[in-house]
Amino acid sequence: MKPFRTLLLAVMTVTLATLGCHAQVPPSSSGTLSPELARRVEVLIRSRSSIPASYAIHVGQRTKSEMPGFDTISVTFTADGKTSKPAEFLLSTDGKTLAQFSKFDISQDPKLLVSADGRPGRGGPANAPVVIVGFDDLECPYCAKMHAQLFPALTERYKNQVHIVYRDFPLELHPWALRAAIDTNCVGAQSAPGYWNLVDYIHAHAAELGGDEKSLAKANETLDSLARDEGKRLKLNEAALDACVLKQDDTAVKASTKVGEALGVDSTPTLFINGEKVEGALPVEDVYRMIDSALVASGQTPPPPPPPAPVQALPSTPPATKPGN
């Protein structure tokens, strides 16, 4: 069965009245449509959505809707013995107008869509007006690029207005990404600065971790050593850190991955800026615009835009040329 669009007349109303004379359709709020009105609905849907002639269209009964002046009708499509899910339309009570629209619940603050709780943060405090949650893979080169270019710029520009956390989303195609997530979390359990020191280093040196031979065993060994070295440098509880590194418990990482999948994350990097989803490594100017919008919505004033880059003046005289040129 070929796919067809369910939002056939999205956010649109279309008159069912035809030019010329036709029988008056009495208002109704329930019951079966008359054959004449059902046909007008079917013809309009076919013409507006290019439904093939081989598809049978069934127009269901009309029932009361939440929209004043309109009833609800369900339309199904059948082909090759398969029937689609019902597509709901609105039919005016006078039978002259067909409409369809999508209704979304926006009662919840999108900032609450994905939690930053329990994760090491950088930038502003946890109650900052803008919270950025990034789903990160420490072996992902695109994540490394974004990490190097974007976050220093954000913390410099927005100071305490933005709170940044990472959630783990190691991809199966990256063999040591899971271990990197576990090891950084082992450090992060005792020190947020230590977590970010390790994340900064791994993203900057990911290509080197497996050595020239790109050995998984060497990459894993290096990750464990980096975590332990960071613990010693910060005077963390070495016994607890070592036990965490040795155990390699992936429960929290897998839970984070499930959270991302439930939010539609299927690639890295993916950011949520007060709940607004951003996929891939975008230009920093686009991210600034989204953060500024979130700040304004929170009643905050964004920082002034950075000054434009200076334009170099062209030389007043052409450069001297060598003889023979």
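As a reminder, the structure under discussion sits directly above these lines.
Note that the structure is predicted; figures quoted are calculated from it, not measured.

Definitions and limits used
- Residues numbered from 1 in each chain as written.
- Predicted model: local features only at pLDDT ≥ 70, side-chain atom pairs only at ≥ 80, totals over all residues.
- Heavy atoms only, no water.
- Salt bridge = Lys/Arg side-chain N within 4 Å of Asp/Glu carboxyl O.
- Helix = DSSP H or I, 4+ residues; strand = E, 2+ residues; numbered from the N terminus.
- Buried < 20%, exposed > 50% of the residue type's maximum accessible area, 1.4 Å probe, protein only.
- Core = buried A, V, L, I, M, F, W, Y, C linked by side-chain atoms within 4.5 Å.
- Contact = heavy atoms within 4.5 Å.
- Axes fitted to C-alpha atoms, helices over the stretch in contact; angles between N-to-C directions.
- Parallel < 35°, antiparallel > 145°, perpendicular 65-115°, else oblique.
- Left-handed = near helix turned anticlockwise from the far one by under 90°.
- Nonpolar A, V, L, I, M, F, W, Y, C, P; charged D, E, K, R; others polar.

(A) Just the pattern of salt bridges, in detail. What the rule picks out here adds up to twelve salt bridges. D292 is the partner of R157 in a salt bridge, and the nearest nitrogen-oxygen pair spans 3.5 Å. With a gap of 135 residues between them, R157 in helix 2 (residues 141-158) and D292 in helix 8 (residues 284-297) connect regions that are remote in the sequence. In this structure, R157 and D292 share a single accessibility class: buried. Measuring nitrogen to oxygen at the nearest pair gives 2.8 Å for the salt bridge that ties R179 to D224. Of the two residues, R179 sits in helix 3 (residues 177-188) while D224 sits in helix 5 (residues 216-233), which places them 45 residues apart along the sequence.

(B) Quick look at the nonpolar core. With 40 residues, the main nonpolar core has V130, I132, L154, W176, I202, I273 and I291 as its most contacted residues. Take this core: its biggest share by element is six residues, from helix 8. In contact with I273, other than residues within four places in its own chain, are V130, V131, I132, V278, V287, M290 and I291. Counting 18 residues, the second-largest nonpolar core is a separate cluster that includes V75, F77, A87 and L91.

(C) Up close: unusual backbone geometry. Of note, the amide linkage connecting T268 to P269 takes the cis form, showing an omega dihedral of 0°. Tracing the backbone shows P269 in the loop between helix 7 (251-262) and strand 10 (270-273). Backbone geometry at D80 places phi at a positive 55°, although glycine is not the residue there. A relative accessible area of 70% means that D80 is categorised as exposed.

(D) Layout of the packing of helix 4 (residues 192-205) against helix 5. The contact between helix 4 and helix 5 brings their axes to 10 Å, and the two run at 140°. On the basis of the axis angle, helix 4 is oblique to helix 5. Seen from above, helix 4 lies across helix 5 with right-handed handedness. Across the interface between the two elements, G194, N197, L198, Y201 and I202 from helix 4 touch L223, L226, A227, E230 and R233 from helix 5.

(E) The packing of helix 5 against helix 6 (residues 238-247), seen in detail. It is at 10 Å that the axes of helix 5 and helix 6 come closest, and there the two elements cross at 165°. One element, helix 5, and the other, helix 6, form an angle in the roughly antiparallel class. The crossing of helix 5 and helix 6 is right-handed. Taken together, the residues of helix 6 that come into contact with helix 5 (itself represented by D224, A227, R228, G231 and K232) are E238, L241, D242, V245 and L246. Of the residues in the contact of helix 5 with helix 6, the class split is four nonpolar, one polar and five charged.

Purely geometric stuff here, so don't read any function into it on its own.
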